[in-house]
Amino acid sequence: GRYLKEVVQALESDHTFRKKLEDADAKDIKSGKIARELNFVDHNIRNKLDELKRRELERLRHYAIQEQEKTSGLDRSKLKIPVHIDHKNPTRFEVDDLRKLIQQTTQDLEQVDQQRKKDFSQYEMQKEFEYEQDLAKLSPDERKKFEEKHNQEIKKHKDHPKLHHPGSKQQLEEVWEEQDHMNKVDFDPNSFFHLHDLDGNGLWDENEVKALFLKELDKMYDPNASEDDLTERQEEMERMREHIFKEADIDRNDLISYEEFLAQTRRNEYEQDEGWQGLDEQEMYSQQEYEQYQQQRMLELQQAGELG
């Protein structure tokens, strides 16, 4: 993550390269084709990239030594070689380095999000499965009361203020006023970006963006309310984060630059608060998916001797 941030920061300091990134097709960026433009980057920036690569290789060497020391009977054939860097050329940052870094970062982040969504879907199905199991143990009268309580909690959870569209002017103004404790009339995108650029590197990373949704999520999820699930709150935050990056991360490097943020504020959608559909308005799994999960869980319980 540090290496990626430093490389992006160096490249975006070349205004010509940054403009090519902004104008490039998303497919060319994700495939790493945009890396060819490295050949036209300023000489001083290339020297900076060379130094960043040497430092990253040195870090990887130290890491490899530490892993070797912790492992007895090391099987070198099973060592995973980092693929985000070109090891054949240890002194120069070349097109292959940028291509590998882009491709590996894109692949890693996509896999993380896919796995997160899969895990969350399973979590929700397990909740439903446990609810059904609890119902099955009750008498008809007890079951009726249990169902009524369950439905009341669902209704209570859905009874919350309307959520702002993530990244809209109205949502950011609310952060400015309630989270930053600033006067609403003094809001301006320039000050807002730099105030929330917590490490001062001119870029918003995922954590800096997710911090913008805390007040919004508080409307829907109360840590002290039994009907509000904090695992769902975390998933809601990730959904908002994905949405913001899809809209504002023009060069698809999973960082939002100052220029990208300003470009977003100039779009018509920025002034239009379309609201946000939370998880309580989403279908988190299909009936077929749940039936398959239910059968699998029943089989597991039978094998464990927990079902008669």
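Residues numbered from 1 in each chain as written. Predicted model: local features only at pLDDT ≥ 70, side-chain atom pairs only at ≥ 80, totals over all residues. Heavy atoms only, no water.

- Taking an unreviewed UniProt entry as the reference, the chain is identified by name as Nucleobindin-2-like belonging to Hirondellea gigas.
- Within the UniProt record for the chain, the comment given under Sequence similarities (unreviewed entry) is "Belongs to the nucleobindin family." (UniProt positions renumbered as here; feature names shortened; annotations may be inferred.)

### Focus: the UniProt feature "domain: EF-hand" (unreviewed entry) in the chain
Phase 1: According to UniProt, the "domain: EF-hand" (unreviewed entry) feature falls on residues 236-271.
Phase 2: As annotated, residues 236-271 comprises 69% helix and 6% strand, and the C-alpha atoms at either end are separated by 23 Å. (Helix = DSSP H or I, 4+ residues; strand = E, 2+ residues; numbered from the N terminus.)

### Digging into the packing of helix α7 (residues 169-179) against helix α8 (residues 189-196)
Any two packed helices are characterised by the angle at which their axes cross and by the distance between the axes.
Phase 1: Contact geometry of α7 with α8 gives a least axis separation of 11 Å together with a crossing angle of 60 degrees. Here α7 and α8 pass one another in a crossing that is left-handed. Within the contact between the two elements, α7 uses L172, V175, W176 and Q179 and α8 uses S191, F192, L195 and H196.
Phase 2: Broken down by class, the residue content of the contact of α7 with α8 amounts to 5 nonpolar, 3 polar and no charged. (Axes fitted to C-alpha atoms, helices over the stretch in contact; angles between N-to-C directions. Left-handed = near helix turned anticlockwise from the far one by under 90°. Contact = heavy atoms within 4.5 Å. Nonpolar A, V, L, I, M, F, W, Y, C, P; charged D, E, K, R; others polar.)

### Section: the packing of aromatic side chains
Phase 1: Applying the stated criterion to the full structure yields 12 aromatic pairs.
Phase 2: In textbook terms, an aromatic cluster arises when at least three aromatic residues are bridged by ring pairs, as seen for W176, F187, F192, F193, W204, Y258 and F261. (Phe/Tyr/Trp six-rings, centres within 6.5 Å; stacked < 30°, edge-to-face > 60°.)

### A closer look at the domain arrangement of the chain
Phase 1: Partitioning the chain into domains gives domain 1 (2-107) and domain 2 (138-277).
Phase 2: The C-alpha-based centres of domain 1 and domain 2 are spaced at 32 Å.
Phase 3: Counting residues at the interface gives 10 residues for domain 1 and 12 residues for domain 2.
Phase 4: The junction of domain 1 with domain 2 conceals about 1100 Å² of combined surface from both sides, 55% of it contributed by carbon and sulfur atoms.
Phase 5: On the domain 1 side of the contact with domain 2, K5, E12 and E22 bury the most area, a combined 43% of that side's loss.
Phase 6: Where domain 1 packs against domain 2, one counts 3 salt bridges.
Phase 7: In this structure, D205 engages K5 in a salt bridge whose closest nitrogen and oxygen atoms are separated by 2.7 Å. (Domains from an automatic or database assignment. Buried area = accessible area lost by both parts, 1.4 Å probe. Salt bridge = Lys/Arg side-chain N within 4 Å of Asp/Glu carboxyl O.)

### Considerations on the side chain of K53
Phase 1: Summarising the element assignment, K53 is placed in helix α4 (residues 43-70).
Phase 2: The class of K53 is buried, set by a relative accessible area of 0%.
Phase 3: In contact with K53, other than residues within four places in its own chain, are Y3, I85, D86, N89, P90, R92, F93 and D97. (Buried < 20%, exposed > 50% of the residue type's maximum accessible area, 1.4 Å probe, protein only.)

### Examining the pattern of salt bridges
Phase 1: Tallied over the entire structure, the rule returns 32 salt bridges.
Phase 2: Salt-bridge contacts for R46 lead to E94; the nearest nitrogen and oxygen are separated by 2.9 Å. Remark: E94 occurs in the loop between α4 and α5 (95-136) and R46 occurs in helix α4; sequence separation between them is 48 residues.
Phase 3: The buried category is assigned to R46, whose relative accessible area is 8%.
Phase 4: With a shortest N-O distance of 3.2 Å, E242 and K117 are connected by a salt bridge. Note that E242 is positioned in helix α11 (residues 230-248) and K117 in helix α5, a separation of 125 residues in sequence.
Phase 5: The network of salt bridges with shared partners includes D113, R116, K117, E206, K210, E235, E238, R241 and E242.

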